[in-house]
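Here are the chains, one letter per residue:
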Amino acid sequence: MLEIDHDINDLSLADQGNEHIEWAFSEMPVLRTIQERFKRERPLAGARISGCLHITTETANLARTLKAGGAELVLCASNPLSTQDDVAASLVKHHRIPIFAKRGEDNDTYYRHIEKALDHRPQLTMDDGADLVSELHKNRRELLDDMIGGSEETTTGVIRLRAMAADKALKFPVIAVNDAMTKHLFDNRYGTGQSTLDGIIRATNILLAGKTFTVAGYGWCGRGIAMRAKGHGAQVTVTEVDPLRALEAAMDGFRVMPMLEAAACSDFIVTATGDKHVLDKAHFKVIKDGCVIANSGHFNIEINIPALESLAIDKHSPRLHVETYTLADGRQVRLLAEGRLVNLAAAEGHPAAVMDMSFANQALSMAYLWRHGADLENAVLPVPTEIDNQVAQMKLAAMGLTIDTLSAEQLHYQASWQEGT
């Protein structure tokens, strides 16, 4: 048997990883159905796909589904701390998929792995943060002629891609899987909400009830985090720059204030904005003693860690995934997971049941792009409505739920204007 090219931490973890992959698969009924269909129909036969994704049990099941559909697949990590090493090992050993991902890899290794994924000469890309597409456009432009299309899983990545499109720099169509209704309404809200709290609790083992808990950003991820923190009994504050979202947070029952005020009274602060330096030097100068700070956005730039380093006179790690910074006046700031995605660095990421819908969108979008990508404009495009609706219907069926349908009379009424009061 030919050796599969790879760069992972420990191949001996493969059997354990396979058990974990199968455990997750039992919670992913929609993807199971798609995988069976892909085996029969082979809609991706001959497609070369490179993916820069979190190498988790759920991603492994997406990879298996794409391979079942005929794709030739290579994966690298989209975050240095999100790789599950046993999963990476299983994908190489049991599923014969080239993987370039190591938990804890340094920045040079991270980008070397992206280069290995691009060496596959992809026709389709899957991104979680747009690093793969960005590197392709900046440093591997000779590959653009082979490209048919791509998909993007995150809010952060979609923002970057839209900036590329606005600059006329994007050279192939990319489907914003993140913006599918069956993705952001569920994955971002319920997945991020549960997994972020899971990461914080695992890292700190601090009781949330009665604590002041600030969420920076009230998008769908921020909504989910705020909702779950409230459920734990925390007193939740929201900081925002968007007046409509701030108003919504207030009417959802949360306190709304600027971060400079929130920092002075918060026991926990979690960033979920997709932007840079949401927690900055000015906030560290007034931050409450003992405050736990964490990031749930894709990149580790939401918290200005160099600014925190510049103010600190001491740093030590009292627990795994916790770094305590002591400031000149004796106040302490507790940073989780090096400011990286706390739900993946300190926990296991989103539950499989919610990723089931997100990765169903990914798989169906890949097949759609393979069929239609050559006819699409070079822009950030929505997931086709028929795919979104199909995923929702499949998830309802998997949950044993049925819904009503409109009668002919009701359809006629919706399509007419003559009938009034």
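Residues numbered from 1 in each chain as written. Predicted model: local features only at pLDDT ≥ 70, side-chain atom pairs only at ≥ 80, totals over all residues. Heavy atoms only, no water.

**Q** Can you walk me through the overall build of the chain in this structure?
**A** When its secondary structure is counted, the chain shows 17 helices and 15 strands. Across its three principal axes, the chain shows a C-alpha extent of roughly 70 × 65 × 45 Å. Within the chain, buried positions represent 56% of all 421 residues. When contacts within the chain are restricted to residue pairs at least 6 apart in sequence, long-range pairs at least 24 apart make up 72% of them. Surface summary for the chain: the accessible area is close to 18400 Å², and the carbon and sulfur share equals 52%. The positive charge centre, built from 42 side chains, and the negative charge centre, built from 56, are 2 Å apart in the chain. (Helix = DSSP H or I, 4+ residues; strand = E, 2+ residues; numbered from the N terminus. Buried < 20%, exposed > 50% of the residue type's maximum accessible area, 1.4 Å probe, protein only. Contact = heavy atoms within 4.5 Å. Areas by Shrake-Rupley, 256 points an atom, 1.4 Å probe, with all protein chains shown as cover. Lys, Arg positive; Asp, Glu negative; His and termini not counted. Charge placed at Lys NZ, Arg CZ, Asp CG, Glu CD.)

**Q** Would you mind going over the nonpolar core with me for this structure?
**A** The nonpolar side chains of a soluble globular protein tend to be buried, and buried together. Leu44, Ile49, Ile55, Leu66, Ile99 and Met126 are the most contacted members of the largest nonpolar core, which has 54 residues in total. Of the residues forming this core, the biggest block, twelve residues, is contributed by helix H15 (residues 352-372). The contacts of isoleucine 49, once residues within four sequence positions are left out, are Leu44, Leu66, Ala71, Glu72, Leu73, Val74, His120, Pro122, Leu124, Met126 and Met366. If you look at the next biggest cluster of nonpolar residues, it comprises 28 residues, including Leu197, Cys221, Val238 and Val292. (Core = buried A, V, L, I, M, F, W, Y, C linked by side-chain atoms within 4.5 Å.)

**Q** Any chance you could explain the packing of aromatic side chains here in plain terms?
**A** Given two aromatic rings, one states the distance between the centres and the angle between the planes to describe the pair. In total, this model carries four aromatic pairs according to the counting rule given. Centre to centre, the rings of tyrosine 110 and tyrosine 111 are 5.0 Å apart; their planes meet at 90°, and the pair counts as edge-to-face. Classification of tyrosine 111 by relative accessible area gives partly exposed; the value is 31%. The residue whose ring lies beneath arginine 64 is phenylalanine 25, and the NZ or CZ to ring-centre distance is 4.7 Å. (Phe/Tyr/Trp six-rings, centres within 6.5 Å; stacked < 30°, edge-to-face > 60°. Lys NZ or Arg CZ within 6 Å of the ring centre and 35° of its normal.)

**Q** Looking at this structure, how should I read unusual backbone geometry?
**A** Peptide bonds are, in most cases, trans, and in most cases residues other than glycine have a negative phi. Look at histidine 321: it is not a glycine, yet its phi comes out positive at around 70°. We classify histidine 321 as partly exposed; its relative accessible area is 26%. Phi at glutamate 338 takes a positive value of approximately 60°, unusual for a residue other than glycine. Mapped onto the elements, glutamate 338 comes out in the loop between strand S14 (332-336) and helix H14 (342-345).

**Q** Would you explain the sheet that holds strand S5 (residues 149-152) in this entry?
**A** Strand pairing within a sheet occurs via backbone hydrogen bonds; the two strands may be parallel or antiparallel. Within the open sheet, the seven strands sit side by side as S3-S2-S1-S4-S5-S6-S15. Their pairing is parallel. Because the sheet does not close on itself, it has two edges, and the strands there are strand S3 (99-100) and strand S15 (380-382). Strand direction decides the pairing type here: strand S1 (residues 48-53) and strand S2 (residues 72-77), joined by six bridges, are parallel. Residue cysteine 52 lies in a different strand from S2, and its bridge partner there is cysteine 76. (Pairing = 2+ DSSP bridges.)

**Q** Hey, could you run me through H15 in this one?
**A** Residues three or four positions apart in an α-helix share a direction because the helix packs 3.6 residues into each turn. Relative to the 30 Å expected for 21 residues at 1.5 Å per residue, H15 spans 29 Å between its end C-alpha atoms, a close match to the ideal helical length. Most of H15 sits out of view: 17 of its 21 residues are buried. (Expected span 1.5 Å × (residues − 1).)

**Q** Please explain helix H8 (residues 181-204) as it appears in this structure.
**A** Between its terminal C-alpha atoms H8 stretches 33 Å, which fits the 34 Å expected from 24 residues at 1.5 Å a residue. The largest bend along H8 measures about 35° and falls at aspartate 187. Remark: asparagine 205 follows H8 within two positions and exhibits a positive phi of approximately 55°. (Bend = angle between axes of the 7 residues up to and from the residue.)

**Q** Sorry, what's going on with the layout of surface pockets here?
**A** Its boundaries defined by the atoms lining it, the largest pocket holds a volume of some 1100 Å³. Lining the largest pocket are 50 residues, and of these Thr155, Cys221, Ala272, Thr273 and Gly274 lie nearest its centre. If you list the elements that add at least two residues to the lining of the largest pocket, you get helix H3 (57-68), helix H7 (155-166), H8, helix H9 (220-231), H14 and H15. Per-element accounting of the lining of the largest pocket gives the leading share, five residues, to H8. Residues that form the lining of the largest pocket fall into these classes: 15 nonpolar, 24 polar and eleven charged. What the second largest pocket holds in volume is close to 380 Å³. Elements represented by at least two residues in the lining of the second largest pocket include exactly helix H1 (14-25), H3 and H8. Per-class residue counts for the lining of the second largest pocket are four nonpolar, eight polar and six charged. (1 Å grid on protein atoms, 1.4 Å probe; cavity = no way out; pocket = protein on both sides within 12 Å on 5 of 7 lines; lining within 4 Å. Points joined across faces, edges and corners; volume = space filled by probe spheres on them. Nonpolar A, V, L, I, M, F, W, Y, C, P; charged D, E, K, R; others polar.)

**Q** Looking at this model, I keep getting lost on the pattern of salt bridges. Mind explaining?
**A** Two side chains with opposite charge may pair up if their charged atoms get near one another. According to the stated counting rule, one finds 24 salt bridges in the structure shown. Put simply, arginine 48 and aspartate 146 hold a salt bridge, and the shortest N to O gap is 3.8 Å. Of this pair, arginine 48 sits in strand S1 while aspartate 146 sits in the loop between helix H6 (131-139) and S5; the two residues are 98 residues apart in sequence, bridging distant segments of the chain. Measuring nitrogen to oxygen at the nearest pair gives 2.9 Å for the salt bridge that ties arginine 202 to aspartate 198. Of the two residues, arginine 202 and aspartate 198 are both situated in helix H8; the distance of four residues between them amounts to about one turn of the helix. The class of arginine 202 is partly exposed, set by a relative accessible area of 42%. One salt-bridge network, in which partners are shared between bridges, spans Glu115, Asp119, Arg140 and Glu142. (Salt bridge = Lys/Arg side-chain N within 4 Å of Asp/Glu carboxyl O.)

**Q** Teacher, can you tell me more about a nonpolar patch on the surface here?
**A** A cluster of nonpolar side chains, namely Phe186, Tyr190 and Met227, defines an oily patch on the protein surface of about 230 Å² accessible area. Inspection of the secondary structure puts phenylalanine 186 in helix H8. (Patch = residues over 30% accessible without salt bridge, like charges linked within 9 Å, V, L, I, M, F, W, Y side chains within 5 Å.)

**Q** Please clarify how the packing of helix H2 (residues 29-41) against H3 should be interpreted in this entry.
**A** Axes are the key here: two packed helices are described by the angle between their axes and the distance separating the axes. Relative orientation of the contacting elements H2 and H3 amounts to 20°, with a least axis distance of 8 Å. Comparing the axis directions of H2 and H3 gives the class roughly parallel. The two elements H2 and H3 cross, and the hand of that crossing is left-handed. Contacts from Leu31, Ile34, Gln35, Phe38 and Lys39 of H2 reach H3 at Asn61, Leu62, Arg64, Thr65 and Ala68. Considering only residue class, the contact of H2 with H3 consists of five nonpolar, three polar and two charged. (Axes fitted to C-alpha atoms, helices over the stretch in contact; angles between N-to-C directions. Parallel < 35°, antiparallel > 145°, perpendicular 65-115°, else oblique. Left-handed = near helix turned anticlockwise from the far one by under 90°.)

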